[in-house]
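Structural features, examined
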Amino acid sequence: MASPPSSGQPGPPPPPPPPPARLLLLLLLPLLLPFAPGAWGWARGAPGPPPSSPPLSIMGLMPLTKEVAKGSIGRGVLPAVELAIEQIRNESLLRPYFLDLRLYDTECDNAKGLKAFYDAIKYGPNHLMVFGGVCPSVTSIIAESLQGWNLVQLSFAATTPVLADKKKYPYFFRTVPSDNAVNPAILKLLKHYQWKRVGTLTQDVQRFSEVRNDLTGVLYGEDIEISDTESFSNDPCTSVKKLKGNDVRIILGQFDQNMAAKVFCCAYEENMYGSKYQWIIPGWYEPSWWEQVHTEANSSRCLRKNLLAAMEGYIGVDFEPLSSKQIKTISGKTPQQYEREYNNKRSGVGPSKFHGYAYDGIWVIAKTLQRAMETLHASSRHQRIQDFNYTDHTLGKIILNAMNETNFFGVTGQVVFRNGERMGTIKFTQFQDRREVKVGEYNAVADTLEIINDTIRFQGSEPPKDKTIILEQLRKISLPLYSILSALTILGMIMASAFLFFNIKNRNQKLIKMSSPYMNNLIILGGMLSYASIFLFGLDGSFVSEKTFETLCTVRTWILTVGYTTAFGAMFAKTWRVHAIFKNVKMKKKIIKDQKLLVIVGGMLLIDLCILICWQAVDPLRRTVERYSMEPDPAGRDISIRPLLEHCENSHMTIWLGIVYAYKGLLMLFGCFLAWETRNVSIPALNDSKYIGMSVYNVGIMCIIGAAVSFLTRDQPNVQFCIVALVIIFCSTITLCLVFVPKLITLRTNPDAATQNRRFQFTQNQKKEDSKTSTSVTSVNQASTSRLEGLQSENHRLRMKITELDKDLEEVTMQLQDTPEKTTYVKQNHYQELNDILNLGNFTESTDGGKAILKNHLDQNPQLQWNATEPSRTCKDPIEDINSPEHIQRRLSLQLPILHHAYLPSIGGVDASCVSPCVSPTASPRHRHVPPSFRVMVSGL
């Protein structure tokens with residue numbers, strides 16, 4: 001098949017070994033020979049060449065038959081080819097030659113395509129180039145063998161990315177951009193809208209897989225993440241669901257139009273459409289493709305309206321059929337003028353979107369041959385281009401190099417090749433209201449993206465986000481709520497200050513003095529510390545820095561703990577003193593001063609400090625941030641809110657809180673015990689057991705409820721802060737009011753009522769004496785009361801006895817005055833009774849004073865002592881006998897008043913300190929006494 005070299009010229013070098021495709025052609029040669037005659041023909045409609053002009057033959061390979069679907073492509077581009085050939089001839093671009101395009105129908109079949117190619121080589125003239133190649137399989141087989149024939153092929157419709165491999169297809173060129181050419185355009189679009197996170201959904205077909213793989217390489221290193229790559233064969237729903245699960249918002253799809261309907265139906269079911277999602281798919285589908293595949297989509301229970309709803313807003317990417325620029329092309333006509341001529345020329349033939357690339361392709365061939373002729377003319381070989389044969393490797397290389405130098409503006413834009421690939425223009429269309437609208441284009445030569453103003457429309461107010469924008473938002477305490485609770489806290493502190501002023505001002509009043517004003521001050525101080533902790537509980541990250549918040553965690557815990565212990569510790573210490581006094585079984589005088597109570601409160605605080613210091617040293621409180629599940633934006637923006645909440649926690653929070661709660665619980669139980677034990681002490685100034693019990697009950701219930709509700713609402717800072725603040729305010733306020741309001745009311749209405757012992761009912765004179773007395777007043781408990789009642793009964797019996805004895809004494813006195821002889825009767829019958837009267841003082845300690853007075857009186861008058869007669873004198877002087885009537889009368893006149901004064905104090909009469917027997921027992925109001933066994937000294941009240 002090799003032609004002999006031209007005369008006078010050295011022959012071309014021997015051709016290389018035939019490649020596999022050429023070997024296949026040689027093997028099929030016997031089969032293809034019978035079909036050779038009908039495999040070629042002239043380009044229809046072209047004007048006849050001048051008789052003397054030699055032709056430059058071009059092999060045209062494309063499907064033309066109507067029985068093949070892609071035959072419409074070949075038939076649709078022929079009017080454009082004829083226009084180009086006609087204009088080239090008119091311009092005499094190849095003078096003295098003319099283009100001779102010979103068409104061969106491949107029918108998109110590999111065998112028939114190979115046959116057409118062999119027929120063109122075997123029976124046709126020596127073709128300088130191959131024009132065509134529509135079906136990928138036929139084109140790839142023929143393109144692989146071109147190097148063995150030294151033929152350069154130019155395709156106008158083969159977009160498969162496989163043909164971009166220059167090692168396998170070095171002599172293949174195409175004026176139409178490859179399917180991979182859309183990837184740089186997609187990259188530019190992603191950068192334009194700052195989408196840095198995408199996902200891919202690919203149909204398991206080689207064509208789409210090649211585009212996907214190339215896209216991965218394009219995006220690599222461009223700071224754009226392919227977060228998920230999904231592929232499917234028949235059912236895309238599983239892959240769509242996975243994309244949604246991976247939070248893919250920008251989906252780059254590669255699938256045909258039949259699968260596109262299924263994909264969008266799945267997207268509708270998964271709600272992957274609308275303002276939050278953007279689909280970018282191939283734009284080369286047939287016009288109104290969704291109408292054609294609706295029946296198939298409807299079989300999958302996808303209604304037409306659902307399909308259209310999911311499709312709304314998708315962006316299609318495809319090459320631009322014709323340039324939109326109003327610039328004259330190499331033919332001297334603008335793309336718009338060319339399009340009108342094309343439409344006029346094609347008459348009844350359907351249009352093809354590749355007609356512009358076929359038109360520019362003819363011009364590329366003409367310009368390439370022109371440069372090749374110039375190269376041959378400039379060389380010293382003086383070889384003519386029509387002398388080309390399939391073994392002429394040199395001329396084949398010249399044509400190949402001339403093809404690579406192509407650069408002109410055609411009807412499809414700037415025509416430039418880079419490694420055999422067309423650097424064309426990519427258009428972007430968007431599906432809007434059931435039609436596709438061009439919204440932008442990408443110029444591959446200049447690497448620029450142009451978005452047409454106000455044409456692209458997104459479902460939302462802004463372009464979708466490339467992922468769920470998570471806005472971490474700190475849950476803050478509401479400023480109005482903080483202000484309201486702070487105002488209530490300030491009112492509580494003002495009330496506490498008023499109580500403090502009242503307590504200090506009236507500290508010398510009997511009512512306040514008996515209620516321990518120093519302990520009252522500590523109760524007020526504890527309440528104010530508890531109030532102050534509310535201000536710290538309301539300060540969070542919206543008011544203070546992270547470091548300050550961590551410090552507040554410790555400070556507010558210390559303040560609340562110390563405040564609680566101070567208030568209730570002082571209250572319980574007061575109650576303990578009452579308990580210690582009135583539960584004194586030994587009935588001895590007991591003195592408990594305020595200093596001792598302060599030591600008790602200090603001990604309680606010391607325990608608190610030990611716990612808090614250990615807590616701070618071993619496991620201090622830290623600021624922790626808890627992240628909650630995402631929530632939709634209340635404003636409707638395309639973002640998700642992830643709430644953050646600050647907590648004060650440590651590693652063993654439960655243990656430390658358990659220790660604190662256990663200690664405070666024991667303190668509360670101790671207070672309840674004291675309140676119960678002193679419930680019967682009836683002096684209000686001393687006994688606060690009733691109010692302590694009420695305080696403990698209210699505080700305990702509120703703390704339990706508050707702690708439980710606060711734990712359950714820890715994810716709602718406003719509710720939690722409100723509950724904690726109200727519990728503290730309620731507990732502090734109710735405690736202070738129960739302690740001080742009764743005292744305030746009593747001091748205003750009846751200041752003496754609080755100091756009276758309501759269990760003793762005295763006579764009217766005794767009540768008057770009580771109002772004037774300055775001695776300390778005490779009370780007794782229930783057990784002592786029963787004993788006292790017994791003594792009172794005994795006292796009454798003895799009074800009756802004294803009355804009887806007084807009558808007897810009066811009778812004896814009258815008898816002595818009238819009958820001196822009855823002295824012996826007095827001595828014998830009344831001696832014992834008088835001794836009983838003298839011994840009555842043994843019942844009480846106060847009678848000791850009377851007996852001492854009597855003794856002193858008898859010492860001063862030894863002659864009056866009973867049974868103190870001297871025997872010697874009695875025997876010597878009967879007149880001086882002490883038992884004489886004169887002595888008896890004289891002695892009784894002195895002893896009876898003394899006996900009255902000595903005895904009456906023991907039964908509630910005059911004081912034993914009254915040494916004058918002449919003073920009436922009722923003369924002084926100061927001398928009403930209870931038995932000294934029940935007299936207790938209370939100091940500091």
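Because the structure is a prediction, the values reported are computed rather than measured. (Residues numbered from 1 in each chain as written. Predicted model: local features only at pLDDT ≥ 70, side-chain atom pairs only at ≥ 80, totals over all residues. Heavy atoms only, no water.)

A short note on the UniProt feature "transmembrane region" (unreviewed entry) in the protein chain
In plain terms, the rule: UniProt positions are given in the numbering used here, feature names are shortened, and annotations may be inferred rather than shown by experiment. Only runs of H or I of at least four residues qualify as helices and only runs of E of at least two qualify as strands under DSSP, and these elements are numbered from the N terminus.
Per the UniProt record, "transmembrane region" (unreviewed entry) is annotated on residues 479–502, 522–543, 555–576, 597–618, 653–676, 696–712 and 718–741. As a span, residues 479–502 carries 100% helix and 0% strand, and end to end its C-alpha atoms are 34 Å apart. The span residues 597–618 is 100% helical and 0% strand by assignment, and the distance between its end C-alpha atoms comes to 32 Å.

Quick word on the nonpolar core
The condition is simple: By convention a nonpolar core is built from buried Ala, Val, Leu, Ile, Met, Phe, Trp, Tyr and Cys residues, the set being connected through side-chain atoms within 4.5 Å. For every residue, the accessible area obtained with a 1.4 Å probe (protein chains only) is divided by the maximum for its type, and the residue is called buried under 20%, exposed over 50%, and partly exposed between those limits.
In this structure, Phe-117, Phe-131, Phe-156 and Leu-369 are the most contacted members of the largest nonpolar core, which totals 106 residues. At 12 residues, helix α14 (residues 355–378) tops the list of elements feeding residues into this core. Ranked by size, the runner-up nonpolar core spans 56 residues in total, among them Leu-539, Leu-621, Val-727 and Cys-731.

Considering the pairing of strand β15 (residues 435–443)
The line we're drawing: Here, a strand pair is defined by DSSP locating no fewer than two bridges between the strands.
Where strand β14 (residues 425–432) and β15 come together, eight bridges link them in antiparallel fashion. Note on β15: the bridge partner recorded for Phe-428 is Gly-440. Between β14 and β15, which pair antiparallel in sequence order, lie two residues; one of them, Asp-433, sits at a positive phi of approximately 50 degrees. Looking at chain direction, β15 and strand β16 (residues 448–451) are connected through four bridges and run antiparallel. Bridge assignment links Gly-440 to a residue of β16, and that residue is Ile-451. Connecting β15 to the next strand, β16, in antiparallel fashion are four residues, including Asp-447 with a positive phi near 55 degrees.

Remarks on the packing of aromatic side chains
Operational definition: Any pair of Phe, Tyr and Trp rings, taking the six-membered ring for Trp, is counted once the centres come within 6.5 Å. Such a pair is stacked with planes under 30 degrees apart, edge-to-face with planes over 60 apart, and tilted for the rest. Lysine NZ or arginine CZ positioned within 6 Å of the ring centre and within 35 degrees of the ring normal marks a charge as sitting over the ring.
Inspection of the entire model under this criterion finds 28 aromatic pairs. Relative to Phe-354, the ring of Phe-319 lies with its centre 5.5 Å away and its plane at 40 degrees, an arrangement referred to as tilted. Of this pair, Phe-319 sits in strand β10 (residues 315–319) while Phe-354 sits in the loop between α13 (335–346) and α14, placing them 35 residues apart in sequence. Each residue in the set Phe-208, Phe-264, Trp-279, Trp-284, Tyr-285, Trp-289, Trp-290, Tyr-314 and Phe-431 is aromatic and connected to the rest through ring pairs, giving one cluster. Taking the ring centre of Tyr-628 as reference, the NZ or CZ of Arg-475 above it sits at 4.9 Å.

Concerning the sheet that holds β10
Sheet strands associate in pairs through backbone hydrogen bonding, adopting either a parallel or an antiparallel arrangement. As a reminder of what qualifies: To obtain each axis, a line is fitted to C-alpha atoms, and for helices this fit is confined to the stretch in contact; angles are then taken between N-to-C directions over 0 to 180 degrees.
Taken in spatial order, the eight strands line up as β7-β6-β8-β9-β10-β14-β15-β16 in an open sheet, and their pairing is mixed. For this open sheet the edge positions go to β7 (225–232) and β16, each flanked by a neighbour on one side alone. The average angle at which neighbouring strand axes cross in this sheet is 25 degrees, direction not considered. Two strands pair when backbone bridges link them, and β10 and β14 are joined in this way by five bridges, in the antiparallel orientation. Opposite Val-317, over in β14, you have Phe-428 as the bridge partner.

With respect to the pattern of salt bridges
We count it as follows: By definition, a salt bridge exists where a carboxyl oxygen of Asp or Glu is found within 4 Å of a side-chain nitrogen of Lys or Arg.
A full pass over the atoms with the stated rule returns 25 salt bridges. In this structure, the salt-bridge partner of Asp-100 is Arg-102, at a minimum N-O distance of 3.2 Å. Of the two residues, Asp-100 and Arg-102, neither departs from the other in class, the shared state being buried. Of the charged contacts in the structure, one is a salt bridge between Asp-318 and Lys-353, with a shortest N-O distance of 3.3 Å. Placement of Asp-318 in strand β10 and of Lys-353 in the loop between α13 and α14 is noted, with a sequence separation of 35 residues between them. Salt bridges sharing common partners tie together Glu-320, Lys-438 and Glu-441.

Quick look at the state of the cysteines
Note the following rule: Disulfide assignment relies on a single distance test, namely cysteine sulfur atoms paired within 2.5 Å.
As enumerated under the stated definition, the model contains four disulfides in all. Between the sulfur atoms of Cys-265 and its disulfide mate Cys-302 the distance is 2.2 Å. With the S-S bond torsion at -90 degrees, the cross-link from Cys-265 to Cys-302 turns out left-handed. With Cys-265 in helix α9 (residues 257–269) and Cys-302 in the loop between α11 (294–298) and α12 (304–311), the pair connects residues that are 37 residues apart, well separated along the chain.

A few points about a nonpolar patch on the surface
To keep things clear, this is the line we draw: Patch criteria: residues need more than 30% relative accessible area and no salt bridge. Like-charged residues are merged within 9 Å; nonpolar side chains of Val, Leu, Ile, Met, Phe, Trp and Tyr are merged within 5 Å. In short, Shrake-Rupley with a 1.4 Å probe defines the accessible areas, and a residue's cover is counted only from the protein chains shown.
On the surface, Ile-484, Leu-488, Ile-490, Leu-491, Ile-494 and Leu-726 cluster together into a nonpolar patch covering about 550 Å² of accessible area. The greatest single-element share of the nonpolar patch, amounting to five residues, is contributed by helix α16 (residues 479–505). Inspection of the secondary structure puts Ile-490 in helix α16.

A short note on the sheet that holds strand β12 (residues 413–418)
Applicable threshold: We call two residues in contact when some of their heavy atoms are within 4.5 Å.
Taken in spatial order, the three strands line up as β11-β12-β13 in an open sheet, and their pairing is antiparallel. At either end of the open sheet lies a strand with only one pairing partner, and these are β11 (407–410) and β13 (421–422). Taken together, the four bridges between β11 and β12 define a ladder with antiparallel strand orientation. Of the residues in β12, the one forming a bridge with Phe-408 is Val-415. Across the sheet, α14 is in contact with β11, β12 and β13; its angle to β11 comes to roughly 145 degrees.

Here's the deal with the packing of helix α3 (residues 110–123) against helix α4 (residues 136–144)
Short version of the rule: An angle below 35 degrees is treated as roughly parallel, one above 145 as roughly antiparallel, one from 65 to 115 as roughly perpendicular, and anything else as oblique. In this scheme the handedness of a crossing depends on how the near helix is turned from the far one: anticlockwise by less than a right angle means left-handed, clockwise means right-handed. Under the grouping applied here, Gly and all other residues not named as nonpolar or charged are polar, the nonpolar ones being Ala, Val, Leu, Ile, Met, Phe, Trp, Tyr, Cys and Pro and the charged ones Asp, Glu, Lys and Arg.
Look at α3 against α4: their axes get within 9 Å of each other, and the N-to-C directions meet at 40 degrees. Considering the angle they form, α3 stands oblique to α4. Like other packed secondary-structure pairs, α3 and α4 cross with a definite hand, here right-handed. Where α3 abuts α4, its residues Asn-110, Gly-113, Leu-114 and Phe-117 lie against Ser-137, Val-138, Ile-141 and Ile-142. Across the contact of α3 with α4, the residue classes break down as five nonpolar, three polar and no charged.

Some words on helix α15 (residues 393–404)
Basically, it comes down to this: By definition here, a helix of n residues has an expected span of 1.5 Å times n minus one.
Under the 1.5 Å per step criterion, the end-to-end length of α15 is 17 Å for 12 residues, consistent within 8% with the ideal 16 Å. Taken residue by residue, α15 has Leu-395, Gly-396, Ile-398, Ile-399, Leu-400, Ala-402 and Met-403 as its buried positions. Packed against the buried residues of α15 are β3 (129–132), β4 (152–155), β5 (172–174), α14 and β12.

Things to note about the side chain of Asn-506
Secondary-structure assignment places Asn-506 in the loop between α16 and α17 (510–514). The class for Asn-506 is buried, based on a relative accessible area of 14%. If we ignore the near neighbours within four places in the chain, the residues touching Asn-506 are Ile-512 and Leu-747.

Here's the deal with the pairing of strand β20 (residues 639–649)
A regular strand carries its side chains on alternate faces of the sheet. Burial of β20 is extensive: nine of the 11 residues sit out of reach of the surface. As judged from the six bridges shared by strand β17 (residues 469–474) and β20, these two strands associate in the parallel manner. Paired with Glu-472 across the strands is Arg-642, a residue of β20. Relative to β20, strand β18 (residues 622–627) runs antiparallel, the two sharing six bridges. The partner of Arg-622 across the bridge, within β20, is Glu-649. Of the strand pairs in this sheet, strand β19 (residues 631–632) and β20 are connected by two bridges, and their pairing is antiparallel. Residue pairing in the sheet places Pro-632 in a bridge with Ser-640 of β20. Hairpin connection of β19 to β20: six residues between the antiparallel strands, including Gly-636 at a positive phi of 85 degrees.

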